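A structural walkthrough
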Amino acid sequence: MAWDILASGSEKCRAASADRGSVTPARTALLALVVALLPLQALAFPLGGDQTVMPAGTELSEDALARPRELFHSEAIGGRKSYLVNLGDLAFNSPSIFGGKARQAEMSCGTCHVNGASNPKLFVPGLSSRPGTFDTTSLVFNAKTFNSILDPVRIPSLRGARFLAPYGHDGRITSLREFVYNVIVNEFSGPRPSDEVLDGLVAYINDIDFLPNPKIAPGGRLGAQASVAERRGEALFFKPFPKQAELSCAGCHLPAGTFNDQVRHDVGSGGLVKTPTLLNANFNAPYFHDGRYDTYEQVVDHFDRVFDLELSTQDVQDLVAYLNAVGDGERPFDKDGVVLRMKEVLELSSVLEAAIPAADTAVVSLAVTGVGAELRELTERIPDIRNTSIGGKDERLAARAILKDLVLTLRRIDLEVAAGHIDEAMTEYRKFAQLVNFDVPVALKKAEPWSLFNSNVHQAHYTALGRMLPVASGQSQ
């Protein structure tokens, strides 16, 4: 009973699967939030134990809309995302490509790489040394890769990945395709992905651009607006090390490229690690391959100690100022609402236009599951009519009804394709496209003032849930 009430208001979780009855990380996080606002006698839903496959204390924190969204290269140059990029987006955020515990926990690539970047809040007891780190060579996900030690690595951002080969923190894999395959099959026990899905994942990752940084001029040097401290830091960045004149910061973090040299080095942190890019690094903490440092100050101090750089306090401050300038980027936030949500539905569902005529049952099923999850999450942003604390009853009822019709239409598409009824499936798809392009946006815009996209409604909704939870918990016992 308590779960039915809470499910109507759960936050967006792009890693949702078709089975909405299971305990998802997003729902667990929501319940933890609600319980924190309740009197102490309220019963918290357990994060560990029999109710979930993840250890108690797990925090996946997939609040994607609180992070800068992806910038796609295909769109930046005036085009639109291709079939393969949209297919890769679906697969990237689908638990179905993983196996075992990862799939049961409804994890996806998007769980660790929120909006194609990193996830500094992710923490799994026994697998993380600190938030933002993760050990993929553990018994939890694939016993065959277990190396008998806890060696979590920092979750890297995927922005600009097409420029950042080799892959893996130690640069052991030269091909992005091979790297993605290894993550799915070896690290998370997934089945071998089809060539098409693997192509899609690579296309999607390769399409994610760096956030633009107007502080950097052509050639990687600071622009005219740089401060005095930033310019002093830039000079130190290019200055040879006092005790090893053949070395400098700029020698490995090449400003003329993407601030990395694509080579592995021993920087006194435990073996050879590849040079990370400094572009957008302000958004990529914690730092070093194992995430041991939280700040640039700590990173600079490490290099000062290991390479005896003889930095003064002012030098450290200047280098940090420079790193902050280089690591910055314009943050492309979009206002969350029905327009943004329907744009994503349109893009992801466009995969069906090619997959249905090709009778590609695997891709159709992936699209139906992924788009269906998006629609269900959108439905949950519109409180049902049992919530009488807000207005717009008729508008909410109409919006939820038409979203339900969309989900049912998707299911019919899946069934028709599975049965080999391609013409019938295309007829259903045309109905779906008509609704998505015309009827649904109209209904959703009418309901939006009474949806959780409205901050006042959001607060009233969760206040009402907080009052109902103790009652529901008592009834379920």
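Per an unreviewed UniProt entry, the protein goes by Cytochrome c peroxidase and derives from Bradyrhizobium macuxiense. What UniProt states about the protein under its Subcellular location (unreviewed entry) heading is, verbatim, "Cell envelope".

Things to note about the nonpolar core
Residues F134, I356, L375, F432 and L444 are the most contacted members of the largest nonpolar core, which totals 76 residues. The element that contributes the greatest number of residues to this core is helix α17 (residues 422–447), accounting for ten residues. The residue makeup of this core includes at least three contributed by each of domain 1 (54–209) and domain 3 (336–455). Those residues in contact with F432 that lie beyond four places of it in its chain are V345, S349, V371, L375, L406, T409, L410 and I413. Counting 30 residues, the second largest nonpolar core, distinct from the first, contains A281, L319, Y322 and A325.

Focus: helix α9 (residues 228–238)
Buried within α9 we find E230, G233, E234, L236 and F237. Angularly, the buried residues of α9 cover 160° about the axis, an arc narrow enough to put them on a single face. Contacts made by the buried residues of α9 are with α10 (249–252) and α12 (313–326).

Looking at α12
In this model α12 runs 20 Å from its N-terminal to its C-terminal C-alpha over 14 residues, within 8% of the 20 Å that 1.5 Å per residue would give. Within α12 the residues assigned to the buried category are D315, D318, L319, V320, A321, Y322, L323, A325 and V326. On the buried face of α12, the contacting elements are α9 and α11 (296–307).

Topic: the pattern of salt bridges
The final tally for this structure, using the stated rule, is 23 salt bridges. A salt bridge links D308 to K243, with the nearest nitrogen and oxygen atoms 2.4 Å apart. Of this pair, D308 sits in the loop between α11 and α12 while K243 sits in the loop between α9 and α10, and the two are 65 residues apart along the sequence. According to the relative accessible area criterion, D308 is partly exposed, its value standing at 34%.

Some thoughts on the packing of helix α4 (residues 83–92) against helix α15 (residues 361–380)
One can describe the packing of α4 onto α15 by two numbers: an axis separation of 9 Å at closest approach and a directional angle of 60°. The way α4 lies across α15 gives a crossing that is left-handed. Across from Y83, L87, L90 and A91 in α4, the residues of α15 making contact are V363, L366, A367, G370 and V371. Grouping the amino acids of the contact of α4 with α15 by side-chain chemistry returns eight nonpolar, one polar and no charged.

Remarks on the side chain of T111
Assignment of secondary structure puts T111 in helix α6 (residues 109–112). A polar side-chain atom of T111 sits 2.9 Å from the main-chain amide nitrogen of S108.

Structural notes on the packing of aromatic side chains
Under the definition given, this model contains 15 aromatic pairs. Note on F237 and Y322: the rings are 4.8 Å apart at their centroids and 45° apart in plane angle, and the pair reads as tilted. Of the two residues, F237 sits in helix α9 while Y322 sits in helix α12, which places them 85 residues apart along the sequence. The residues F237 and Y322 share a single accessibility class, namely buried. Taken together, F241, F288, Y293, F303 and F307 form an aromatic cluster joined through their ring pairs. Against the face of F238 rests R221, its NZ or CZ located 4.2 Å from the ring centre.

Scoring rules and cut-offs
- Residues numbered from 1 in each chain as written.
- Predicted model: local features only at pLDDT ≥ 70, side-chain atom pairs only at ≥ 80, totals over all residues.
- Heavy atoms only, no water.
- UniProt positions renumbered as here; feature names shortened; annotations may be inferred.
- Core = buried A, V, L, I, M, F, W, Y, C linked by side-chain atoms within 4.5 Å.
- Buried < 20%, exposed > 50% of the residue type's maximum accessible area, 1.4 Å probe, protein only.
- Helix = DSSP H or I, 4+ residues; strand = E, 2+ residues; numbered from the N terminus.
- Domains from an automatic or database assignment.
- Contact = heavy atoms within 4.5 Å.
- Arc of directions from axis to C-beta.
- Expected span 1.5 Å × (residues − 1).
- Salt bridge = Lys/Arg side-chain N within 4 Å of Asp/Glu carboxyl O.
- Axes fitted to C-alpha atoms, helices over the stretch in contact; angles between N-to-C directions.
- Left-handed = near helix turned anticlockwise from the far one by under 90°.
- Nonpolar A, V, L, I, M, F, W, Y, C, P; charged D, E, K, R; others polar.
- Polar contact = N/O pair within 3.5 Å; in protein donor to acceptor, adjacent residues only side chain to side chain.
- Phe/Tyr/Trp six-rings, centres within 6.5 Å; stacked < 30°, edge-to-face > 60°.
- Lys NZ or Arg CZ within 6 Å of the ring centre and 35° of its normal.

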